[in-house]
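Results of the structural survey
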Amino acid sequence: GAGIVEWLGAFVDRLERGVFRAMPLVPTEPDSKGINLFPRYLPNVIDPSVSRVVTRGVEVIASTVHMIQNTQHGWTYSIRLRLLPPGHPEHSPAAERGFE
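Note that the structure is a prediction, hence the values are computed from the model and not measured.

1. Quick look at the sheet that holds strand E5 (residues 72-83)
The three strands lie next to each other as E3-E4-E5, forming an open sheet whose pairing is antiparallel. For this open sheet the edge positions go to strand E3 (50-55) and E5, each flanked by a neighbour on one side alone. On average, each strand axis in the sheet is tilted by 20 degrees relative to the strand beside it, whichever way the strands run. Relative to strand E4 (residues 58-69), E3 is paired through six bridges, and the arrangement is antiparallel. By the bridge assignment, arginine 52 is partnered in E4 with isoleucine 61.

2. Thoughts on the layout of surface pockets
Counted as a void, the largest pocket has a volume near 460 Å³. Elements that contribute at least two residues to the lining of the largest pocket include exactly helix H1 (2-17), E4 and E5. Residue contributions to the lining of the largest pocket peak at five residues, all from E4. Here the lining of the largest pocket is built from residues that sort into 11 nonpolar, four polar and one charged.

Conventions we followed
Residues numbered from 1 in each chain as written. Predicted model: local features only at pLDDT ≥ 70, side-chain atom pairs only at ≥ 80, totals over all residues. Heavy atoms only, no water. Pairing = 2+ DSSP bridges. Helix = DSSP H or I, 4+ residues; strand = E, 2+ residues; numbered from the N terminus. Axes fitted to C-alpha atoms, helices over the stretch in contact; angles between N-to-C directions. 1 Å grid on protein atoms, 1.4 Å probe; cavity = no way out; pocket = protein on both sides within 12 Å on 5 of 7 lines; lining within 4 Å. Points joined across faces, edges and corners; volume = space filled by probe spheres on them. Nonpolar A, V, L, I, M, F, W, Y, C, P; charged D, E, K, R; others polar.

This is the structure we're talking about:
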């Protein structure tokens, strides 16, 4: 009843806000398009299932999805790393990161 309606409402809201997005689920296979359920970081949006930090020009974004399979519960995680490019406000040159 009401649980599925609430879930569907939250799902649609996240799709409309861009938290979830349609994209290839296998990056090397463009035809594998689906809805990525890992929340993505959106500036100025507070979401307890997404965390972002930049250290020495390396951006780390972690997100989690609660998984329910019959009576078992668990979590699955996504950890994304990105070296911020020159010109980005949080970029650090290689020398500042200890690589030169």
